[in-house]
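Structure at a glance
Residue-level listing of the chains:
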Amino acid sequence: GRFIRPASAVYLGAVIEYLLAEVLELAGNCARDNKRKIIKPRHIMMAVEMDDELKPLFSDVIMPGSGVVPGVHTCLMGKRDQDTFRGWARQGLSKTQVGAKE
């Protein structure tokens, strides 16, 4: 069989250390921009999503507690006029509302 040279383990460790330093630097900048002192999963996710080189590496990664990327799709930004929200206050949207009709 084939074997792995000890130098390749050192090289792999150096690559992982570089990637970790890059992600933590960007996440720290994101946390600082949001006026926070602690890096949370949200900051890591935002840093990865904003970086063009790291985004493909994390494309299949699910980060618990990080939320979603902020933004509203353009198709949802339709024109609104004065009649758009008319009648919403009178609709019974839930049964817990006061005065809701069944």
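Structural notes, computed from the coordinates.

1. Quick look at the environment of Ala31
Relative to the helices and strands, Ala31 resides in helix α1 (residues 6-33). Note on Ala31: relative accessible area 2%, which makes it buried. As for Ala31 and Arg42, which are separated by 11 residues in sequence, their C-alpha atoms are 8.9 Å apart. Those residues in contact with Ala31 that sit more than four places away from it in its chain are Arg36, Ile38, Ile39 and His43.

2. Digging into the side chain of Asp51
Take Asp51: it is sitting in the segment after α2 (41-50). As a buried residue without a salt bridge, Asp51 has its nearest oppositely charged side chain in Lys55, at a separation of 11 Å. Here Leu54 takes part through its backbone nitrogen, which lies 3.0 Å from a polar atom of the side chain of Asp51.

3. Observations concerning the environment of Val48
Structurally, Val48 is set in helix α2. Relative accessible area serves as the criterion here: at 2%, Val48 is assigned to the buried category. Residues Val48 and Leu24, 24 residues apart in the sequence, show an inter-C-alpha distance of 9.9 Å.

Definitions and cut-offs
Residues numbered from 1 in each chain as written. Predicted model: local features only at pLDDT ≥ 70, side-chain atom pairs only at ≥ 80, totals over all residues. Heavy atoms only, no water. Helix = DSSP H or I, 4+ residues; strand = E, 2+ residues; numbered from the N terminus. Buried < 20%, exposed > 50% of the residue type's maximum accessible area, 1.4 Å probe, protein only. Contact = heavy atoms within 4.5 Å. Lys, Arg positive; Asp, Glu negative; His and termini not counted. Salt bridge = Lys/Arg side-chain N within 4 Å of Asp/Glu carboxyl O. Polar contact = N/O pair within 3.5 Å; in protein donor to acceptor, adjacent residues only side chain to side chain.

Remember that the coordinates give geometry; whether it matters functionally is a separate question.
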